[in-house]
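Structural overview for review
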Amino acid sequence: MSVQKFPVRIEPIDIAGRYRHIRPQPQQPNFAARIEGVDLTQPIGPEVRAELQQALLDFEVLFFPAQPLTPEQHVALAAVFGELAPGAFFPRKDGHPFVEVIEFDEKRPPEINIWHSDLTWLPQPPNGTVIQITELPAQGGNTAWASLSKAFAALSPGLQTYLEGLTATHTWEISGWRQALEKYAGLQGLTDALRKYPPVSRPVVQVHPESGRKVLFVNENFTRHIDGVHFREGRGLLEFLREWIVQPEFVYQHKWEPHGIAVWDNRSTQHYALTDYWPHRRVTQRVTFNAFGTTPTTQTTRAAVVDESTATA
């Protein structure tokens, strides 16, 4: 009997042959690349823009050396990769509706330390995100990313085929969003949110529309169940996939420096923000982007379901 085991054969991307204006430095094979030599405080020319877009497809997460960005520069960097998107539930930087500010400290304990892709319960989840860490604790506060394409490629052919025939239901109801909405808007807010954002079903295995890679698109924060199978079977599959996706072979953990910058593809990765620094302070600014050609909007996900005039906090 033949048994498929690690390692999976990986053909390295031909960086020298593909890139002329930037030189990605992968931190793992074909994953999580550091980009040197790009001054993000200056306008980005068309050749560099095109190569940055290609690098995100090739490596799924990009990192830039620390360089403090103004909100305008942060937004301009996100616009390299797609149309500006409203993002999630967090407060906005004054005067900059696309820049979310995520602050955790002694009075606001960190609460997003769970593996997830962002907003997979939306009819069209965001393509990706650009973040900058503006305040960092003395130790800790790293972020980890998992490659959903690597995780799929390492599965046995039989399981790949089985999973490709399945769909799963995603909903914000099983995440911390439910508690946040109840806090801010009460039971009426929960009812309005369910009406505005009902559960969605999407394939367990998706084909990335630009890279063509197959990815495992389930996560423990928003995927409620596998559709059309016995609940025990579905529960077992989701538990297996949760553990499978975050194996070290598929995960890169990034150590931040103040004003470090990262861009990730939300369609092919999950991420996890470590909370080992509490009660110390960590501040992230982030801008989310959708696919090119979609209609930009400044309405936040919170504003779509919460009546601010009656919100309790």
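Keep in mind that this is a model prediction, so the values were computed, not measured. (Residues numbered from 1 in each chain as written. Predicted model: local features only at pLDDT ≥ 70, side-chain atom pairs only at ≥ 80, totals over all residues. Heavy atoms only, no water.)

Focus: the nonpolar core
In this structure, Leu52, Leu62, Phe64 and Phe81 are the most contacted members of the largest nonpolar core, which totals 30 residues. Of all the secondary structure elements, the ones that give two or more residues to this core are β2 (31–35), α2 (46–59), β3 (61–64), α3 (71–81), β6 (96–104), β15 (261–265) and β17 (282–290). Residue contacts for Leu52: discarding those within four places in its chain leaves Ile22, Ile35, Ile44, Leu62, Phe64, Val80 and Phe81. By size, the runner-up hydrophobic cluster in this structure holds 26 residues, among which are Ala151, Val205, Val215 and Phe217. (Core = buried A, V, L, I, M, F, W, Y, C linked by side-chain atoms within 4.5 Å. Buried < 20%, exposed > 50% of the residue type's maximum accessible area, 1.4 Å probe, protein only. Helix = DSSP H or I, 4+ residues; strand = E, 2+ residues; numbered from the N terminus. Contact = heavy atoms within 4.5 Å.)

Comments concerning the pairing of β6
Note that strand β5 (residues 92–93) and β6 share two bridges and pair antiparallel. By the bridge assignment, Lys93 is partnered in β6 with His96. Counting the residues between successive antiparallel strands, the hairpin from β5 to β6 contains two residues, one of them, Gly95, with a positive phi of roughly 80°. By the bridge criterion, five bridges tie β6 to β17 in an arrangement that is antiparallel. Note on β17: the bridge partner recorded for Ile102 is Thr284. (Pairing = 2+ DSSP bridges.)

Some thoughts on the packing of aromatic side chains
Applying the stated rule across the entire model yields ten aromatic pairs. For the pair Trp145 and Trp264, a centre-to-centre distance of 5.7 Å together with 55° between the ring planes defines the contact as tilted. Placement of the pair is Trp145 in strand β8 (residues 143–147) and Trp264 in strand β15, with a sequence separation of 119 residues. Taken as a pair, Trp145 and Trp264 share a single burial class, namely buried. (Phe/Tyr/Trp six-rings, centres within 6.5 Å; stacked < 30°, edge-to-face > 60°.)

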